[in-house]
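What the coordinates show
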Amino acid sequence: MRMVDIIENKRDAKELSTEEIQFFIKGYTDGSIPDYQVSSLMMAIFFQGMTEKERADLTMAMVESGDKIDLSKIEGIKVDKHSTGGVGDTTTLVLGPLVAAVGVPVAKMSGRGLGHTGGTIDKLESVEGFHVEIENEEFINLVNKNKIAVIGQSGNLTPADKKLYALRDVTATVDSIPLIASSIMSKKIAAGADAIVLDVKTGAGAFMKTLNDSNELAKAMVRIGNNVGRNTMAVISDMSQPLGFAIGNALEVKEAIDTLNGEGPEDLTELCLTLGSHMVVLAKKANSLKEAREMLERVMRDGTALETFKTFLISQGGDASVVDDPAKLPQAKYTFELEAKEDGYVSEIVADEIGTAAMLLGAGRATKESVIDLAVGLMLRKKIGDQVKKGESLVTIYSNFEDIDEVKAKLYANITLSKEKIAAPILIHGEIT
Ligand code: URA
Ligand code: CA
């Protein structure tokens with residue numbers, strides 16, 4: 001088999017065979033096929049697309065390119081949740097303990113990553129003593145015992161995807177739905193998921209800015225999952241404004257605690273109940289979404305969800321007393337209010353720009369080497385549709401430095417008030433099964 005023929009086939013819109021796809025992924029991973037041939041193929045795929053069969057083959061070839069996590073010793077159906085990323089997205093912190101509390105095994109492998117705030121692990125490290133450096137065996141035991149554990153990324157997962165993603169990044173071939181979909185799905189499958197709930201974000205703060213693109217990406221991922229034997233569904237959720245109120249690491253942990261206690265922001269609570277219900281059904285712990293939702297609402301009400309969170313923290317070295325006393329979380333030295341300059345209704349909160357403002361405070365990582373300040377961030381006091389009086393706070397800024405002019409300017413530039421009444425945005429734009 002020759003790489004040049006594979007490129008030519010794709011260029012001419014022929015369907016690649018399973019063997020051709022395995023050949024180029026294997027050759028690219030082991031270094032026998034050079035970057036220039038693979039970038040040419042990526043560009044051909046960008047223009048010609050991929051059939052459903054090709055997408056499934058590409059996903060599985062990437063899964064097979066490295067290690068796979070073996071979760072077979074964990075009892076039950078392992079349902080993973082994946083979000084395509086947004087601003088102040090506290091869902092993972094809430095969903096883990098929430099679904100674990102009704103018996104769904106949550107075996108989460110997580111990373112730190114770059115972004116407006118840290119990854120799930122960074123956020124959890126706001127809790128004194130909490131750590132994810134545990135052995136695989138202990139990880140498995142903890143999930144069986146508590147139904148939830150988080151471990152840091154380990155092993156050599158989907159090396160083909162890492163190499164391809166880096167190449168696509170510099171060859172203008174990231175924005176291809178088949179390539180994005182197989183990239184994301186390969187990582188979930190290699191991490192051991194039996195079933196997958198996808199939270200595909202849409203809007204200004206999302207990777208996919210339009211509803212149409214978000215729908216297409218969701219459909220592509222759901223088809224791949226189901227075609228390779230993993231029960232998969234997607235929820236399309238709004239990211240035109242940040243989710244919940246908190247954007248920052250310790251602030252989001254506090255928000256997660258409130259939400260697990262049934263006292264969280266309305267949008268975050270609703271999204272967690274929606275995604276959670278699907279996870280419970282896919283894990284076969286309930287027969288219907290209605291039943292699943294009732295189970296989740298019950299554990300929020302009766303304190304079981306919060307207890308599960310505490311047990312999880314303690315099991316991984318954390319000081320669970322923060323749950324009852326969130327003042328023990330890292331605290332910023334200064335707080336400032338961003339005061340409304342006029343009366344009106346909030347009409348726009350540009351999510352990614354608000355995220356950037358949180359980064360300016362030090363809440364996120366710009367490069368792999370950046371050190372996150374866990375204490376700092378933003379608390380939105382108003383969301384789209386809310387009425388505001390002049391002088392009222394739009395945002396509370398938590399900072400460890402006094403000069404926040406740049407942050408304030410960014411916030412003012414990206415929160416718009418209107419004289420007319422505005423409706424709150426729709427939270428759930430659709431579901432794809
Ligand atoms: N995120 C991924 O993991 N892969 C892509 O290709 C794009 C976004
Ligand atoms: Ca939030």
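Along each chain, residue indices are assigned from 1 in the same order as the chain's sequence is written. The naming scheme follows written order: chains are lettered A onward, ligands numbered 1 onward. With pLDDT at 70 or above as the cut-off, local features in this predicted model cover only qualifying residues; side-chain atom pairs require 80 or more to be listed or tallied, and sums for whole chains, interfaces and linings still use all residues. Side-chain metrics in this entry use all non-hydrogen atoms of the structure; hydrogen atoms and water are not considered.

As a reminder of what qualifies: UniProt positions are given in the numbering used here, feature names are shortened, and annotations may be inferred rather than shown by experiment.
Under an unreviewed UniProt entry, the protein chain has the name Pyrimidine-nucleoside phosphorylase and belongs to Cytobacillus praedii. Under the Cofactor (unreviewed entry) heading, UniProt states for the protein chain: "K(+)". The protein chain has a UniProt comment under Subunit (unreviewed entry) that states "Homodimer."

1. Describing the pattern of salt bridges
Operational definition: A pair is scored as a salt bridge if a Lys or Arg side-chain nitrogen falls within 4 Å of a carboxyl oxygen belonging to Asp or Glu. Helix and strand assignments come from DSSP, with helices taken as H or I runs of at least 4 residues and strands as E runs of at least 2, each series counted from the N terminus. With a 1.4 Å probe rolled over the protein chains alone, any residue whose accessible area is under 20% of its type maximum counts as buried; one over 50% counts as exposed, and the rest are partly exposed.
This model, assessed by the stated rule, comprises 25 salt bridges. Note that Glu297 is salt-bridged to Arg293, the shortest N-O span being 3.2 Å. With Glu297 and Arg293 both in helix 13 (residues 289-301), this residue pair falls four residues apart, about one helical turn. The partly exposed category is assigned to Arg293, whose relative accessible area is 25%. Among the charged side chains, a salt-bridge network with shared partners connects Asp80, Lys108 and Lys188.

2. Let's talk about helix 8 (residues 159-169)
Condition: Every residue pair with non-hydrogen atoms within 4.5 Å of one another is taken to be in contact.
Within helix 8, the full set of buried residues consists of Pro159, Ala160, Asp161, Leu164, Leu167 and Arg168. Here the buried face of helix 8 lies against helix 2 (18-30), helix 3 (35-48), helix 4 (52-63) and helix 9 (177-190).

3. Side note on the sheet that holds strand 13 (residues 428-432)
Convention followed: Strand pairing is assigned whenever DSSP identifies at least 2 bridges connecting the two strands. Note on definitions: angles span 0 to 180 degrees between N-to-C directions of axes, and those axes are lines fitted to C-alpha atoms, for helices only across the stretch in contact.
The four strands are arranged 1-4-5-13 in an open sheet whose pairing can be described as mixed. Taken across any chain shown, the strands that pair with only one partner, and hence form the sheet edges, are strand 1 (79-83) and strand 13. Sheet twist, expressed as the average angle between the axes of neighbouring strands with direction ignored, equals 15°. Direction of pairing for strand 4 (residues 195-202) relative to strand 5 (residues 231-238): parallel, over a ladder of eight bridges. When the bridges of strand 5 are listed, Asp199 appears paired with Val235. Of the strands in this sheet, strand 4, strand 5 and strand 13 touch helix 10 (residues 211-227), which is tilted by about 165° from strand 5.

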